[in-house]
Amino acid sequence: MKILEYLGLGRKKSEGAPLIGEMKKKEQIEAKNKRKNIFRVCIVLGFLGIVLYSSPEVIYQPVANYSLGEPWRAEDLTAPFTFSELKTDEEIQNEREAIRAGTPPIFHIDQSVPNRSQAAIDSIYRNLQPVIDTYVQWKRNQAADSSAARNDSIRFEQEKEFSNVSLDDRAWNILLSNYADVRLENDGSGRPLLNNIREELDRLFTQVYNAGVIDTSKDQIESSELRVRNLQERTERTLLLDNTRDRFEALQYISTRLRNRFPADLTRVGLQIADQVLQPNWVYSEEATETVLSEKLADISRTKGVVTNGEVIIRRGDIVTPERENKLRSLAMARASTATEFERFIRQAGEALVIILITILFLYYLYLYRKLIFAEISNFLMVFLILAILSVGSAVIYHIESLNALVVPIAIAPILLTIIFDSRVGLMATITLAVITAVMHDNNFEYLVATITACSLGIFSVRDIKNRSQFFLSTPSIVFSSYMLVLGGFALARYSGWESYLDTVFSVAINSVFILFTYPLILIIEKSFKVTTDFTLLELSDTNRPLLKDLMRKAPGSFHHSLQVANLAEAAASAIKANALLCRVGAMYHDIGKMVKPGYFIENQNEGNDHDKLKAKMSALVIKAHVSDGVKMARKNNLPEVIIDFIRTHHGTSLIRYFFDKAQKNSEKENIVPEEEFRYDGPIPFTKEQGILLLADGVEAASRAMKNPTYNKLESLINRLVEDHISEGQLDNCPLTFRHIQIIKETFLSILVGVYHSRVEYPEDEEQSAKKESDRRKGNPSTGKAKENPPIEESDNDTVGNETTYQEEQKSDDS
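Residues numbered from 1 in each chain as written. Predicted model: local features only at pLDDT ≥ 70, side-chain atom pairs only at ≥ 80, totals over all residues. Heavy atoms only, no water.

Looking only at helices and strands, the protein chain has 33 helices and 10 strands in total. Out of the 815 residues in the protein chain, the part that is buried amounts to 44%. Counting contacts in the protein chain only where the partners sit at least 6 residues apart, residues at least 24 apart contribute 77% of the total. Working note: accessible area of the protein chain is about 43800 Å², and carbon and sulfur atoms make up 53% of it. (Helix = DSSP H or I, 4+ residues; strand = E, 2+ residues; numbered from the N terminus. Buried < 20%, exposed > 50% of the residue type's maximum accessible area, 1.4 Å probe, protein only. Contact = heavy atoms within 4.5 Å. Areas by Shrake-Rupley, 256 points an atom, 1.4 Å probe, with all protein chains shown as cover.)

The following block contains the structure:
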């Protein structure tokens, strides 16, 4: 850092009031910075290493900036060397489609199908025989008018159902009637036609299987040919598709042959049996077909011609047609493919230089203007980790041709940093990320402008966000609209039509949807890096939260005191540009430890005082314990560490003066009471917000104990309390300047004067006031005060917390 100061780039030295306790901390800060600098260097080098390693190695560069359909504005371009002209994507796609359509599908012969079909026919005929026999027996008994005919009919129906032969009723009637007629005549001259059908089916199946039956419908085959492989004989033959049959055509062939020999009724029976038995014996092999197809697709040539050395590619003023644009692209790709290692190194070094410079610029900004991030290693690591994740994501998307670079939600990083820190950090992160990712995507200027615009407006939408629903409703739509407006402007400027513009709409829509993941990411970051965002603070400020409701029920006086302190602290923090919301929430929880023993604090006492029964040292221990008890309760209720720090530091190491003085008075010897036993354990505040809370806590408590507060009395009280804290060193570790202290005191005074302002007394109020004053002077028991104990008269410079009773000192919370 001394180098930066030597070059005139160091931090601007403060021209205003010095920090309180600055000289005391200087040596400690320098010692810590030496250790932290090592971690910072490692983090930055790690970030650069990740980004540069993930950056795509892109050698292709357009010959010049041009747009399709517009005049060529550069000088005449001739081919510097002979190179091949590339085919366009459309031409390559057409060739692919032609190869797919022309590649014959491959079928394998399944030698087991004829045997399985023969076995299926045998099974059908075996199953038919019991049905036929039962039917004949039934008809015989029926003709003989036998009583067994009824049972035979039932048995026939059962056998028919159990046969598992799928024939319609008409086919069954034809088959059974013919068979029964032959059997009942019993003259031996007839033969059942079912046997004739069996013989004909066997002959037809043999013919069909020899010719082949494919298992794919012909309508689904684009090629006019197909290949048939016999894996047993290791042969392959190519056949015309018209010379083969699929299953439907095979059944039509069988039906025609049956119709030529048998009547229509018997043909119907035979066709139904064939439909149950026929199976394709040529099975389509997708794997074999795809292997052949892949080999043919791989053999597609990427070039279609040659551009010779010296040939004019385009002249100045010529319109950039698709043909000329293809030659320009071919020249750029030829240059990339013929680039030497040195040229590749120069290109990558140039991109790396840009990325390093923009990273240093962002780092320098943190060093100069965001000291809290730069000083805290966890915050420093978190910032660069977020940037690294988005950068790597953008680099990965580059290698996926089907995805647009705009799919990556770059806006997540600046939005996160804005919510966690502020909008200026988010804006600098936007510029840094936009430049890094634009370099990765071939120095895309449109991408750079669109990303900066959309992310910046996204930052502004969450700058003063008050609830999570506001983020879900507004931010994604703002980012989406910003991208579309900028990209639409570039589309109009190029006059390239709306097709290319509409292609990006889907990518930008995905980008905007991904921004919704910012919410769960905030939760992860809060848990991982122990940071507290305004979202969490707003939730904690709800007085209906269980912890605050317990405080209101168990210690109502402390709860009311906390709310008043929160108002004072919030106003003071706003006045000096500190974190007002953090200050308010810290003030609301700073006294939750008083719930453990609320009766020992004056604001919660109704009758009597529990400290009257204790020694001064024991009372001091009870008073101090509310800090440690508050820390325990906060951890138990999972309050953020930053809020716990408010509880630990809201008294610093200040002296519990009343009990210390009481202990000294009760001591037989002077100056033998250890002062450390009557001091809070600390630590002292180390942030602006904690310092403001320490001052507001004491001022609010002491002002409530003051009788007849006036402007001068309040001003004197505030000045004295603040000066006491400064002189005791309670603000030594706070980055508060004396100018800040003056503004804080003025803010406290303006609010307290408004709180304790006088009001007009109405006639009834005057009568009641006179009566109360009369009762007080007479020592009326209802007032609880005797006339021999008059109130202490105070001057403008006296305060109740300093000269009055123990209860008033206790009420000021030992400020």
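Let's pick the thread back up.
Residues Gly682 and Pro683 are joined by a peptide bond in cis, for which omega reads 5°. Looking at the secondary structure, you find Pro683 in the loop between helix 27 (657-666) and helix 28 (688-704). Here Lys577, not a glycine, exhibits a phi torsion of approximately 65°, which is positive. In this fold, Lys577 is placed in the loop between helix 23 (556-575) and helix 24 (580-589). Phi at Asn638 is positive, roughly 60°, even though this residue is not glycine. Tracing the sequence through the fold places Asn638 in the loop between helix 25 (616-636) and helix 26 (641-649).

All right, on to the pattern of salt bridges then. On inspection of all chains with the given rule, the structure shows 29 salt bridges. We note a salt bridge from Lys218 to Glu249, for which the minimum N-O separation is 2.8 Å. Of this pair, Lys218 sits in the loop between strand 4 (213-214) and strand 5 (225-230) while Glu249 sits in helix 8 (residues 247-261), and the two are 31 residues apart along the sequence. Since its relative accessible area comes to 14%, Lys218 is described here as buried. For Glu249, a relative accessible area of 25% puts it in the partly exposed group. Taking the shortest distance from any N to any O, the salt bridge between Asp591 and Lys594 comes out at 3.2 Å. (Salt bridge = Lys/Arg side-chain N within 4 Å of Asp/Glu carboxyl O.)

Counting 62 residues, the largest nonpolar core has Phe47, Phe362, Leu366, Phe384, Leu387 and Ile525 as its most contacted members. Tallying contributions element by element places helix 14 (residues 377-398) first for this core, with 10 residues. Listed in part, the 56 residues of the second largest apolar core include Leu540, Ala555, Ala587 and Phe646. (Core = buried A, V, L, I, M, F, W, Y, C linked by side-chain atoms within 4.5 Å.)

One pass over the full model with this rule turns up 15 aromatic pairs. Ring plane angle 90° and centroid distance 5.8 Å describe the contact between Phe374 and Phe380, whose orientation is recorded as edge-to-face. Relative to Phe517, the ring of Phe514 has its centre 6.0 Å away and its plane inclined at 55°; by these criteria the two rings are tilted. When its relative accessible area of 32% is taken as the criterion, Phe514 is described as partly exposed. (Phe/Tyr/Trp six-rings, centres within 6.5 Å; stacked < 30°, edge-to-face > 60°.)

Another aspect to go through is the packing of helix 4 (residues 113-143) against helix 9 (residues 264-277). Axis separation between helix 4 and helix 9 bottoms out at 9 Å; the angle between their running directions is 130°. Taken together, helix 4 and helix 9 sit at an angle that is classed as oblique. For the pair helix 4 and helix 9, the crossing hand works out as right-handed. Seen from helix 4, the contacting residues are Ser117, Ala120, Ile121 and Ile124; seen from helix 9, they are Ile273, Gln276 and Val277. For the contact of helix 4 with helix 9, a count of residues per class yields five nonpolar, two polar and no charged. (Axes fitted to C-alpha atoms, helices over the stretch in contact; angles between N-to-C directions. Parallel < 35°, antiparallel > 145°, perpendicular 65-115°, else oblique. Left-handed = near helix turned anticlockwise from the far one by under 90°. Nonpolar A, V, L, I, M, F, W, Y, C, P; charged D, E, K, R; others polar.)

Here we take up the side chain of Arg347. As for its placement among the helices and strands, Arg347 is situated in helix 12 (residues 341-369). In terms of polar contacts, Arg347 uses its side chain to reach the side chain of Glu351, at 2.7 Å. (Polar contact = N/O pair within 3.5 Å; in protein donor to acceptor, adjacent residues only side chain to side chain.)

The residue Arg227 is located in strand 5 in this model. Ignoring sequence-local partners within four residues, the contact set of Arg227 consists of Pro104, Pro105, Ile106, Phe107, Glu236, Arg237, Thr238 and Val292.

Right, let's get into a nonpolar patch on the surface. Judged by side-chain polarity, Phe472, Leu473, Val513 and Leu516 come together as a nonpolar surface patch covering roughly 370 Å² of accessible area. The residue Leu473 is located in helix 18 (residues 468-494) in this model. (Patch = residues over 30% accessible without salt bridge, like charges linked within 9 Å, V, L, I, M, F, W, Y side chains within 5 Å.)

On to the confidence of the model for the protein chain. For the protein chain, the average pLDDT comes to 82, and 84% of its residues sit at 70 or higher. Across residues 778-815 the pLDDT falls below 50, and counting only partners more than four positions away or on other chains, this stretch makes 73 contacts in the model. (pLDDT = per-residue confidence, 0-100.)

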